[in-house]
Amino acid sequence: SRSLNLAVIPGDGIGQEVVAQGLRILSAVLPQDVKLETKEYDFGARRYHATGETLTDADLEQLKRHDAILLGAIGDPSVPSGVLERGFLLRLRFAFDHHVNLRPSKLLPGVETPLAGQPEIDFVVVREGTEGPYTGNGGTIRPGTPHAVATEVSLNTAFGIERVVRDAYARAQARPRKKLALVHKNNVLVHAGHLWTDIFTKVGEEFPEVTTEYMHVDAATIHLVTRPERFDVIVTDNLFGDIITDLAAAISGGIGVAASGNINPSGEFPSMFEPVHGSAPDIAGQGKADPSATVLSVALLLRHLGHESEAARIEEAVSADLAERVGEPARTTEEIGDALVARVTG
Ligand code: IPM
Ligand code: MN
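Residues numbered from 1 in each chain as written. Chains lettered and ligands numbered in written order. Predicted model: local features only at pLDDT ≥ 70, side-chain atom pairs only at ≥ 80, totals over all residues.

In this numbering, the UniProt entry assigns the feature "binding site: Mg(2+)" (unreviewed entry) to D218, D242 and D246. Separation in sequence by 29 residues is not matched in space for these annotated residues, since their most distant C-alpha atoms are only 14.1 Å apart. Tracing the chain through its elements places D218 in helix 7 (residues 217–226). With respect to the helices and strands, D246 occurs in helix 8 (residues 238–251). (UniProt positions renumbered as here; feature names shortened; annotations may be inferred. Helix = DSSP H or I, 4+ residues; strand = E, 2+ residues; numbered from the N terminus.)

Right, dumping it as structure tokens:
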């Protein structure tokens, strides 16, 4: 019989509340013959204050044993900025080689967008997750002096680009419109830019059905706001991807519904799924947080593990629930969870 062995990291702030609902929906939707096992980990601000640790080698050994990881949110104002981001989130992405950072954007019916005229938004950004300027490749010379020099060198390997580009082509190939855009800045960043462009062109020969285009990142921000319906799949580097996916979330309903996957496609290490929103300490513990982004992250997790029909059922449930909420008084985290459980089981 089948099983799903999940590492659960509720984390800080609203992480606890939204993950609880995500797990309810997961149990409700899983077929009877799939045995769900979960193990909770206490990473986050509390553990950092108690032990000074963010994520140890021993923690990684434990996490490795799971099929996937569900994360709520890590971060708290009591911890200096950057400590948990680098020590936990980036460490996990690098250690588990999460090179495909998958961030879908779909404007669901009834969800508000700041854009005029309810455009059709349905695209996915494949953000490279282990290279670019995120590797810590740089340094400061003469720090603290008027002659300080800081470098932050973007690292781009042919190996790293090719694997994420191929993944993006495969995703484009599997979608009805079969379109893929490479977003970079190769008019200025000629070294990295041309490596990306050359590999993008070469890998494209394996996917003759996919229509491709190249777009500079600055132009992409304009098109995302003025003509978001033109996008299907976007592939880009780590930093450009960080920036345009916040914009993508903003135009497609905000971080309340944005889901993401930090994926290791080979399955060598477990992939990690998380809502794009943070820990929102200002509303933590009040039952006000919308669990939809976490629930949609659970859908990405299920799809990654091959449970496509269950993933689709969750997405339909969230979509229907959001549509039903229009004009209604705000519901609590738990009430939204109740409604979603009813929908996926009904
Ligand atoms: C994200 C976040 C992280 C990133 C930070 C918290 C390190 O902004 O997941 O997009 O820059 O990747
Ligand atoms: Mn970001």
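Attention now goes to the site of ligand 1. Looking at ligand 1, the residues that line it are E85, L89, L90 and D242. Ranked by residues supplied to the shell around ligand 1, first place goes to helix 4 (residues 83–95) with three residues. Residues that form the shell around ligand 1 fall into these classes: two nonpolar, no polar and two charged. (Near = placed C-beta within 6 Å. Nonpolar A, V, L, I, M, F, W, Y, C, P; charged D, E, K, R; others polar.)

Interface size is commonly expressed as the accessible area that is lost once the parts come together. Annotation of the protein at the domain level lists domain 1 (1–101 + 255–346) and domain 2 (113–252). Distance from the C-alpha centre of domain 1 to the C-alpha centre of domain 2: 25 Å. Facing the 13 residues of domain 1 at the interface are twelve residues of domain 2. Residue assignment for the side of domain 1 that touches domain 2 shows that the elements contributing at least two residues are helix 4 and strand 4 (100–106). Looking at the side of domain 1 that touches domain 2, its residues break down into seven nonpolar, four polar and two charged. (Domains from an automatic or database assignment. Contact = placed C-beta atoms within 7 Å.)

With mixed pairing, ten strands are arranged side by side in an open sheet as 2-1-3-12-11-4-5-10-8-9. Every other strand in the sheet has two partners, leaving strand 2 (34–40) and strand 9 (211–216) as the edge strands with one partner each. Between one strand axis and the next, the sheet turns by 20° as a mean value, whatever way the strands run. Pairing between strand 4 and strand 5 (residues 122–128): seven bridges, direction antiparallel. Across the sheet, the residue bridging to R103 is V125, located in strand 5. Each of strand 4, strand 5, strand 8 (179–184) and strand 10 (233–236) is contacted by helix 8, which is oriented at about 155° to strand 5, the strand it contacts most. (Pairing = 2+ DSSP bridges. Axes fitted to C-alpha atoms, helices over the stretch in contact; angles between N-to-C directions.)

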